[in-house]
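Coordinate analysis (summary)
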Amino acid sequence: MNNILSIIEDIKWSSLKKVVSIRNLGTKRRGSGKSILNLETIIKLGPVPVIKNESEAYRRFYKLLGKNAYGIFPRTIYRKISPKQSLIAIEPVQGITFEQTVRGLIRGAYEYGQKSRSVEKIQKSIIRLSEEVLLKLRILHSGVNCTDPKKEMDLFLVEMSRGLSYSLKRSKIKSNFSAILRVGSDFMGTVSLAHRDLSLINIIVVNDSVTFIDPRHHVASSTQNQRGARFASPVIDLVAFNVALQRSEVEVQNIFPNLRLSARDYIEKEISYLLRQGVFSPAMVALSEAVVWAGYAACRCSNCLNSKNKFLRDFVFSKTKNCLDVLCALK
Ligand SMILES: Nc1ncnc2c1ncn2[C@@H]1O[C@H](COP(=O)(O)OP(=O)(O)O)[C@@H](O)[C@H]1O
Ligand SMILES: [Mg+2]
């Protein structure tokens, strides 16, 4: 802790102004010359390449979306603090993760019953928040002026193939899927900026609003500082959000088999609408689903490996294999 405080002193608080929430505690006592301030920020500290990469993933949005980015992401400041270490200070968002909001559904069903008004209210609030996520995604995915979309899409396909191969290797899932997908008209569509890791723990909920955190440079990376394509297909974020909700729904249904996450219908409607508009192709949806499910299959966090969650792991593996079958049938 002292270590962190000295680091913060070194980089001067004033430069962190935008990413620190400052609460003045109490009024200045006359004559004492004192003020009592409560300063709060999120600090991510680590090896230079890892932290720098995270900071740059945020910075791309500020640069390309201008002021719009501040309604979607928190502000950040990057500082190198020693030859090997650096930090990123992130404006704190005073809320809970989207995942915690969904867990509220389980609590509500336990306390008041699956068909209670409380559960209905939570369902409605998850729908409202999901619509808010879709709205922010529309802003995030808009307005990219790119001179050679085909080239950018080809680069994104390489990133997706690499991400998928890496996750399959880590999860020891065998597949005929070849490392580099045949680049062709099957995958054509719009390219845009994308978050690339829109899971429920990377969305912070404050009342009726949402903030995205922790964007990435690469869909699923073998090293944390790996870079991917400059632009992506917007469907990767819609699918990531939908898959995350589906995964949470399985957790809910493990306890309450008849309880659905009705918000999922809205995401699926948005995906169908954008498919009809030609923003992305069915093949790109299939590839995105494979990448995201395989990413969960490759996860080795204590939660995923816990034997109590075997039902979830089995579900994730079976989904990944289904997606791979769909992908292989495309070729
Ligand atoms: N700006 C923020 N405001 C509030 N909570 C945050 C913020 N940034 C991170 N967190 C919390 O810390 C967790 C991990 O942060 P994240 O940047 O997603 O790191 P990781 O690289 O470990 O995924 C988040 O899921 C969230 O709970
Ligand atoms: Mg995260």
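The rules behind the values
Residues numbered from 1 in each chain as written. Chains lettered and ligands numbered in written order. Predicted model: local features only at pLDDT ≥ 70, side-chain atom pairs only at ≥ 80, totals over all residues. Helix = DSSP H or I, 4+ residues; strand = E, 2+ residues; numbered from the N terminus. Rg over C-alpha atoms; globule rule 2.2 N^0.38 Å. Buried ≥ 20, exposed ≤ 12 C-beta atoms within 10 Å, placed from the backbone. Contact = placed C-beta atoms within 7 Å. Core = buried A, V, L, I, M, F, W, Y, C linked by C-beta atoms within 7 Å. Domains from an automatic or database assignment. Pairing = 2+ DSSP bridges. Axes fitted to C-alpha atoms, helices over the stretch in contact; angles between N-to-C directions. Parallel < 35°, antiparallel > 145°, perpendicular 65-115°, else oblique. Left-handed = near helix turned anticlockwise from the far one by under 90°. Nonpolar A, V, L, I, M, F, W, Y, C, P; charged D, E, K, R; others polar. Expected span 1.5 Å × (residues − 1). Near = placed C-beta within 6 Å. pLDDT = per-residue confidence, 0-100.

1. Notes on the overall build of the protein chain
Counting its secondary structure elements, the protein chain contains 10 helices and 8 strands. Relative to the compact-globule value of 20 Å for 331 residues, the protein chain shows a C-alpha radius of gyration of 22 Å, a close match. Seen through its principal axes, the protein chain has C-alpha atoms that stretch 80 × 55 × 40 Å. Split into buried and exposed, the 331 residues of the protein chain put 36% on the buried side. Within the protein chain, contacts between residues separated by at least 24 positions form 72% of all contacts whose residues are at least 6 apart in sequence.

2. A word on the nonpolar core
Within soluble globular proteins, side chains that are nonpolar generally end up buried alongside one another. In this structure, Ile203, Ala290, Val291 and Trp293 are the most contacted members of the largest nonpolar core, which totals 68 residues. At 11 residues, helix H8 (residues 282-297) tops the list of elements feeding residues into this core. Shared between two domains, this core holds at least three residues of each, these being domain 1 (2-90) and domain 2 (96-330). Judged by nonpolar contacts, the second largest core, of 6 residues, contains Ile77, Leu87, Ala89 and Ile90.

3. Regarding the environment of phenylalanine 317
Along the chain, phenylalanine 317 turns up in helix H10 (residues 310-330). The class for phenylalanine 317 is partly exposed, based on 17 C-beta atoms found within 10 Å.

4. Focus on the domain arrangement of the protein chain
Each assigned domain of the protein chain is listed with its residue range as follows: domain 1 (2-90) and domain 2 (96-330). Taking only C-alpha atoms, the centre of domain 1 and the centre of domain 2 are 29 Å apart. Across the boundary between the two partners, domain 1 contributes 13 residues, which contact 13 residues of domain 2.

5. Considering the sheet that holds strand S7 (residues 203-206)
Spatial ordering of the open sheet is given by S6-S7-S8, a layout of 3 strands whose pairing is antiparallel. Strand pairing shows two members of the sheet lacking a second neighbour, strand S6 (96-97) and strand S8 (209-212), which therefore form its edges. In this sheet, S7 lies alongside S6 in antiparallel orientation, the contact comprising 2 bridges. Residue pairing for S7: isoleucine 96 is matched across the bridge by valine 205. Contacts between helix H4 (residues 117-140) and the sheet are confined to S7 and S8, with S8 contributing the most and set at about 50° to the helix.

6. A look at the packing of H8 against H10
Interhelical geometry of H8 versus H10 gives an angle of 150° and a closest axis separation of 8 Å. Compared by their axis directions, H8 and H10 come out roughly antiparallel. Along this stretch, H8 crosses H10, giving a crossing that reads as left-handed. Packed against H8, whose contacting residues are Ala283, Ala286, Leu287, Glu289, Ala290, Trp293, Ala294, Tyr296 and Ala297, the element H10 presents Val316, Phe317, Lys319, Thr320, Cys323, Leu324, Val326, Leu327 and Leu330 at the interface. When the residues that make up the contact of H8 with H10 are grouped by side-chain class, the tally is 15 nonpolar, 1 polar and 2 charged.

7. What about the sheet that holds strand S4 (residues 76-80)?
Strand order in the open sheet formed by 3 strands is S3-S5-S4, and the pairing between neighbours is antiparallel. The open sheet has two edge strands with one neighbour each: strand S3 (42-47) and S4. Strand-to-strand twist across the sheet, computed as the mean angle between neighbouring axes with direction ignored, equals 15°.

8. A closer look at H8
Between its first and last C-alpha atoms H8 spans 22 Å; for 16 residues at 1.5 Å apiece the expected length is 22 Å, and the two agree. Burial analysis of H8 places 14 of its 16 residues in the buried class, the great majority of the element.

9. Remarks on the site of ligand 1
Around ligand 1, a shell composed of Ile42, Pro74, Ile90, Glu91, Pro92, Val93, Thr97, Ile201, Asn202, Ile204, Ile213 and Asp214 is seen. The class makeup of the residues in the shell around ligand 1 is 8 nonpolar, 2 polar and 2 charged. For the shell around ligand 1, the domains that each give at least three residues are domain 1 (2-90) and domain 2 (96-330).

10. Overview of the environment of proline 49
In this fold, proline 49 is placed in helix H2 (residues 48-65). For the pair formed by proline 49 and threonine 211, sequence separation is 162 residues and the distance between their alpha carbons is 25 Å.

11. With respect to the confidence of the model for the protein chain
Of the residues in the protein chain, 90% reach a pLDDT of 70 or more, and the chain-wide mean stands at 89. The lowest-confidence element of the protein chain is helix H1 (residues 2-11), averaging 67 in pLDDT; the highest-confidence one is S8, averaging 98.

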